[in-house]
Amino acid sequence: MHPATAKWYDRRDFVFIEFLVEDSKDVEVNFDKSKFGFSCLSGTDNIKHSNEIDLFEAIDQDGSKHRRTDRSVLCCLRKAETGKSWPRLTKEKAKLSWLSVDFNNWKDWEEDSDEELSNYDNFSEMMGNMDGEDGLPDLDGADDESADSDDEKMPDLE
């Protein structure tokens, strides 16, 4: 068994963890108050991945959800104590080789104005309405197969 590579980021009411496993199947996600477990098979070789995390703070198991895509499994952990920043995902300060911060989605929300916070509250509310694996909202047409205007054939090089 191998741990799955993962990225995480913190929000006001949620912590997000994305496990970067392509073609995952037999996905199991266990939300416990202070622990989080993930396992799956991936790829044509059916590589078994398993991760277990002692979380920095408690989560609301019933309000936490996950969604599988062809390239990853996104887990949304609802914080038991909302509005409290998590400086790290794990209880221990040890660095895990398979876990990194998702800097593309990271935001220092603690210093935001009330107007900016309300935007994140709307996002959190939307994420809170997820129900199970298929409950995540569309990601702005990420799977949209329509042709772009810049998909025109390039002229041959001379």
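In case you missed it, the structure is sitting above this.
In this report, the structure presented in the accompanying data block is examined.

1. Looking at the environment of aspartate 62
Then, number 1: Position of aspartate 62 relative to the elements: it lies in strand E6 (residues 59–68).
Then, number 2: Residue aspartate 62 is classed as exposed on the basis of its relative accessible area of 70%.
Then, number 3: Residues aspartate 62 and leucine 77, spaced 15 residues apart in sequence, show a C-alpha to C-alpha distance of 9.4 Å.

2. Considerations on the layout of surface pockets
Empty pockets left among the atoms are what a rolling probe the size of a water molecule brings to light.
Then, number 1: Of the pockets and cavities examined, the second largest pocket occupies roughly 160 Å³.
Then, number 2: Taken together, Trp8, Arg88, Leu89, Thr90, Glu92, Lys93, Ala94, Lys95, Leu96, Leu99, Ser100 and Val101 form the lining of the second largest pocket.
Then, number 3: The element that contributes the greatest number of residues to the lining of the second largest pocket is strand E8 (residues 99–101), accounting for three residues.

3. Describing the pairing of strand E7 (residues 73–79)
Then, number 1: Of all the seven residues making up E7, six are buried; the element is thus mostly covered by neighbouring parts of the structure.
Then, number 2: Across six bridges, the pairing between strand E2 (residues 14–19) and E7 is antiparallel. Looking at E7, one finds that isoleucine 17 is bridged to cysteine 75.
Then, number 3: Of the pairings in the sheet, the one linking E6 to E7 comprises six bridges and is antiparallel in character. Each residue of the ladder has a partner; that of arginine 68, found in E7, is valine 73.

4. Digging into the sheet that holds E8
The strands that make up a sheet pair up through hydrogen bonds in the backbone, lying either parallel or antiparallel.
Then, number 1: Strand order in the open sheet made by the five strands is E6-E7-E2-E1-E8, with mixed pairing throughout. Single-partner strands in this sheet number two, and they are E6 and E8. Across the sheet, the mean angle separating the axes of adjacent strands is 20° when strand polarity is ignored.

Reading guide: rules and limits
- Residues numbered from 1 in each chain as written.
- Predicted model: local features only at pLDDT ≥ 70, side-chain atom pairs only at ≥ 80, totals over all residues.
- Heavy atoms only, no water.
- Helix = DSSP H or I, 4+ residues; strand = E, 2+ residues; numbered from the N terminus.
- Buried < 20%, exposed > 50% of the residue type's maximum accessible area, 1.4 Å probe, protein only.
- 1 Å grid on protein atoms, 1.4 Å probe; cavity = no way out; pocket = protein on both sides within 12 Å on 5 of 7 lines; lining within 4 Å.
- Points joined across faces, edges and corners; volume = space filled by probe spheres on them.
- Pairing = 2+ DSSP bridges.
- Axes fitted to C-alpha atoms, helices over the stretch in contact; angles between N-to-C directions.

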